[in-house]
Amino acid sequence: MIWVEELRKHLSQNSDMTFRPIIVNGSIMTLVYIAGLVEDSYVQEKIIPKLFHDESFDTFEAFDKTQLDEAIEALFYGFILVVSETSSFAYQVNGQGMQGRSIQEPSSENTVRGPRDGFVESISTNLSLIRRRYPSRHLQVRISKKGTRTQTKVALIYIDDIVNPELLQEVQRRLDTMDVDEVLDSGTVEQWIEDSWYSPFPQAQYTEQPARVVAALSEGRMAIVVDGTPIVLLVPVTFSMLFQAMDDYSERWMVGSAIRLIRFIAGFIALMLPSLYIALLSFHPGMVPTGLTLSIAAGRADVPFPSIMEAIMMEATLEMLREAGLRLPRFIGQTIGIVGGLVIGQSAVEAGIVSPAMVVVVALTAICSFLLPAYNAAIAIRLLRFPLMFLSGTLGLLGLILGLMAIAAHLVSLKSFGINYFSPFAPYHIRDWKDTAIRAPLPLLKTRPAVLQTLDGKRANNTKRKKGW
């Protein structure tokens, strides 16, 4: 039995490798599989009875003697090899491994009215969740293996009669250039294929919601699904997408528009409020109302530090508390974040280290940063706060304006897979403004984003709707 000898030669050092000989009608067969990837009960109840009733093996995929590497690779993907002493082939049978995590609501994307199912770590399950929502032959899935050692399955998904062929070719080209040892999650893929490594802003959006993936595919975007992670990447991405959530489309247009507009305002506050406070207090106190100035001055009477030092200390403390809350167990982390912030803030005021006004500014900034639905966008804004505070503390409002101009220039020049990141504002596409800072009624959303240059730019709801329907 040359197959068994060769397999033992290459795999016997693996303690979880199982070689299970059985006798079927006087012939010795050996089942080879990896414990953990294949359940023993499944082999006993499903595979062995099938061997007794299907001696011809016509329904099994076969490997000849030149395909030893392919047969070994199949083992590590959870298949079973059936080796017979009377045959020169090794036959591959589907295995059934340990159960993975069940489908449940994503913890990172809570919804009020939208669908509650989320992706899991199995790529086959994730693909089925997408196909169930888009049962069309135009939905295309290209699966390749990335990572020279891990050979992780990576699926590129798109709709062939919508997506821009040039954009599809660019995404595929970047995936093909990946040269890493291991791909453990979608973050590795994202960092490899993004346009600008030095930009704090994300150039790919991630999600755990199948409905959001289907919505992006219908616009002409692409999804990248990586085996072993529930995080799916959406490309290309524009800046306005980072402020959008699925609930915006589940609610009526006025409600969705109001909530989305609040997010944009909150993002602006989270970026510049501490810097604006420092600039006004240190360089332009005359621009602040007299009553407010006297109140702030009274609170700062015993504070030995300048306002910029106050802001940096409080912001740094808040970031450490936020990180501690993420790394600790969930319920303890929530307690640490809330109680720690209250205790430290109150203690710092009583000790005369910071002023009450600064605590209010930092707290309001933190609350506004929590309103952003894209966690990676919130991190970018949190990082940019510190250079803006430094500029405001040295140059006043001039420094703040220069910093905001630099950020705006960067956003305008940034691209995501060759697509202008700040579209539809720069370059402007007026027709796409209906789904940016506000969300127009669904009957008015007749076209797909112009910046994507899709093959089919019209949506199905391009007929006029009468009032009173």
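See the structure shown above.
Keep in mind the model is a prediction, meaning the values are calculated, not measured.

**Side note on the sheet that holds strand β3 (residues 61–63)**
The pairing of strands in a sheet comes from backbone hydrogen bonds and takes either a parallel or an antiparallel form. An order of β1-β2-β4-β5-β3 is seen for the five strands of this open sheet, with the pairing classed as antiparallel. Each edge of the sheet is formed by a strand with only one pairing partner; in this case those strands are β1 (17–24) and β3. With strand direction ignored, the average angle separating the axes of adjacent strands in the sheet is 30°.

**Things to note about the pairing of strand β7 (residues 152–159)**
Counting buried residues in β7 gives seven out of eight residues, a clear majority hidden from the surface. When strand β6 (residues 139–146) meets β7, the two strands line up antiparallel, connected through eight bridges. By the bridge assignment for β7, lysine 145 is matched with lysine 153. As consecutive antiparallel partners, β6 and β7 are separated by five residues, and within that stretch glycine 147 has a phi angle of approximately 95°, a positive value. As paired elements, β7 and strand β9 (residues 222–226) share four bridges and run antiparallel to each other. The residue bridging alanine 155 from the neighbouring strand is valine 225, located in β9.

**Here we look at helix α4 (residues 123–133)**
Within α4, burial applies to Ile123, Asn126, Leu127, Leu129 and Ile130. Around the axis of α4, the buried residues are gathered within 155° of arc, so they sit on the same side. Contacts made by the buried residues of α4 are with β6, β7, α7 (210–219) and β9.

**Brief notes about the packing of aromatic side chains**
With the rule as written, the count across this model stands at eight aromatic pairs. With a centroid separation of 6.0 Å and an interplanar angle of 35°, the aromatic rings of phenylalanine 425 and tryptophan 433 are classed as tilted. By relative accessible area, tryptophan 433 is classed as partly exposed at 38%. These aromatic residues form a ring-pair network of at least three members: Phe201, Phe239, Phe243, Phe264, Tyr421, Phe422, Phe425 and Trp433.

**Examining the sheet that holds β7**
In space, the five strands of this open sheet follow the order β6-β7-β9-β10-β8, with antiparallel pairing throughout. The outermost strands of the open sheet, each flanked by one partner alone, are β6 and β8 (205–207). On average, adjacent strands in this sheet sit at an angle of 25° to one another, irrespective of strand direction. In this fold helix α6 (residues 186–193) packs onto β9 and β10 (232–235), with an angle of close to 135° to the strand it touches most, β9.

**Comments concerning the side chain of glutamate 319**
As for its position among the elements, glutamate 319 is in helix α11 (residues 307–327). Looking at glutamate 319, the relative accessible area reads 17%, which means it is buried. Residues in contact with glutamate 319, not counting those within four places in the same chain, are Arg382, Arg385 and Phe386.

Cut-offs and rules
- Residues numbered from 1 in each chain as written.
- Predicted model: local features only at pLDDT ≥ 70, side-chain atom pairs only at ≥ 80, totals over all residues.
- Heavy atoms only, no water.
- Pairing = 2+ DSSP bridges.
- Helix = DSSP H or I, 4+ residues; strand = E, 2+ residues; numbered from the N terminus.
- Axes fitted to C-alpha atoms, helices over the stretch in contact; angles between N-to-C directions.
- Buried < 20%, exposed > 50% of the residue type's maximum accessible area, 1.4 Å probe, protein only.
- Arc of directions from axis to C-beta.
- Contact = heavy atoms within 4.5 Å.
- Phe/Tyr/Trp six-rings, centres within 6.5 Å; stacked < 30°, edge-to-face > 60°.

All we've got here are geometric facts, nothing functional implied.
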